[in-house]
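# Observations on the three-dimensional arrangement
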Amino acid sequence: MNIVQENPRRSDNGKIANFVTKLWFIVHRKDFSPIVGWREDGVSFVIRDSDRFTEEVLPLYFKGKNFSSFVRQLNMYGFYKVEAKRSEICFANPLFAEGREADLTKIKRKSQKAKNQQEEEHTTTEVEQVDNSSAKEYNNLLRQQLEDLHARRAQQTDLESKIRSSLKQIEDNLHILRREIYVRDQKVKKSPENIDMLFRKDSQDLDMFFRSPLHFPDDCYHFDHPQKVMVVDF
């Protein structure tokens, strides 16, 4: 394959780094456009097919097909990833833009100190992202626990309300019973003869009860049919 390479114009202030020159060639090649090229904004480039880029493009300009090494070189010259589609990889550098060849001489390889600083900042960012993710998960857990507490509190309040209602009904029934007992006692006190009459009536009822045989149907002992059991009210 014949590779047409047009050197980018150099300024009078210095030379363009070899890596930057190669990258400029790659991004400008029209036959590589399905694989790599400028984005519409002209201030970043996109690798549209990383597999083809590794197999077809890298060997033409670099030694080997190591995509990770290529990315490390980008980082060393100040390039960074930008948001892109899921299947694409985009990089940008403020000095690497379409139509701005004069700025290429300003793109310099970072010193080891600058590299270490960048790696430290990158690590700090990753830690912060992990911390933020952990904090978000912790907040979600606390929110769920709080919602559960509110739900249990609502159930408890409903149960307390039912208990108070039941106690009120019992209290009302006791009041009615006390009233009936009081009225009956007053009647007995006003008519002493009623006492003898009540005793006689109770004695007659008991005598009739014990003299009369009790007849239970045969199936009253079958627990499979509890609805048929006769209930005797004493």
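Residues numbered from 1 in each chain as written. Predicted model: local features only at pLDDT ≥ 70, side-chain atom pairs only at ≥ 80, totals over all residues. Heavy atoms only, no water.

With that out of the way, let us pick up a nonpolar patch on the surface. A grouping of Leu159, Ile163, Leu167, Ile170, Leu174, Leu177 and Ile181 is seen on the molecular surface, where their side chains present a nonpolar patch of about 640 Å² in accessible area. Here isoleucine 181 is to be found in helix 4 (residues 112-190). Relative accessible area serves as the criterion here: at 44%, isoleucine 181 is assigned to the partly exposed category. (Patch = residues over 30% accessible without salt bridge, like charges linked within 9 Å, V, L, I, M, F, W, Y side chains within 5 Å. Areas by Shrake-Rupley, 256 points an atom, 1.4 Å probe, with all protein chains shown as cover. Salt bridge = Lys/Arg side-chain N within 4 Å of Asp/Glu carboxyl O. Helix = DSSP H or I, 4+ residues; strand = E, 2+ residues; numbered from the N terminus. Buried < 20%, exposed > 50% of the residue type's maximum accessible area, 1.4 Å probe, protein only.)

Here the focus is the packing of helix 1 (residues 18-28) against helix 2 (residues 50-61). Direction vectors running N to C along helix 1 and helix 2 enclose 135 degrees, while the axes themselves pass 10 Å from each other. What the angle tells us is that helix 1 and helix 2 run oblique. The handedness of the crossing between helix 1 and helix 2 is right-handed. Contacts between helix 1 and helix 2 involve Lys22, Phe25 and Ile26 on the former and, on the latter, Phe53, Val57 and Tyr61. Residues that form the contact of helix 1 with helix 2 fall into these classes: 5 nonpolar, no polar and 1 charged. (Axes fitted to C-alpha atoms, helices over the stretch in contact; angles between N-to-C directions. Parallel < 35°, antiparallel > 145°, perpendicular 65-115°, else oblique. Left-handed = near helix turned anticlockwise from the far one by under 90°. Contact = heavy atoms within 4.5 Å. Nonpolar A, V, L, I, M, F, W, Y, C, P; charged D, E, K, R; others polar.)

What follows is about the pattern of salt bridges. Throughout the structure, instances matching the rule amount to 7 salt bridges. Residue glutamate 55 is joined to lysine 65 by a salt bridge in which the shortest nitrogen-to-oxygen separation is 3.0 Å. Linking glutamate 55 in helix 2 with lysine 65 in the loop between helix 2 and helix 3 (67-76), this pair joins segments that are 10 residues apart in sequence. Taking the relative accessible area as the measure of exposure, glutamate 55 reaches 48% and is therefore partly exposed. Assessed through its relative accessible area of 44%, lysine 65 is described here as partly exposed. For aspartate 103, the salt bridge goes to arginine 100, with nearest N and O atoms at 2.8 Å. The class for aspartate 103 is buried, based on a relative accessible area of 14%. What you see here is one network of salt bridges that share partners, running through Arg100, Asp103 and Lys106.

Sheet analysis places strand 2 (residues 44-47) next to strand 4 (residues 89-92), joined by 4 bridges and oriented antiparallel. The partner of isoleucine 47 across the bridge, within strand 4, is isoleucine 89. As defined by bridge partners, strand 3 (residues 80-82) adjoins strand 4 across 3 bridges and the pair is classed as antiparallel. Its bridge partner being in strand 4, valine 82 is matched across the sheet by cysteine 90. Here strand 3 folds back onto strand 4 in antiparallel fashion, the turn holding 6 residues. (Pairing = 2+ DSSP bridges.)

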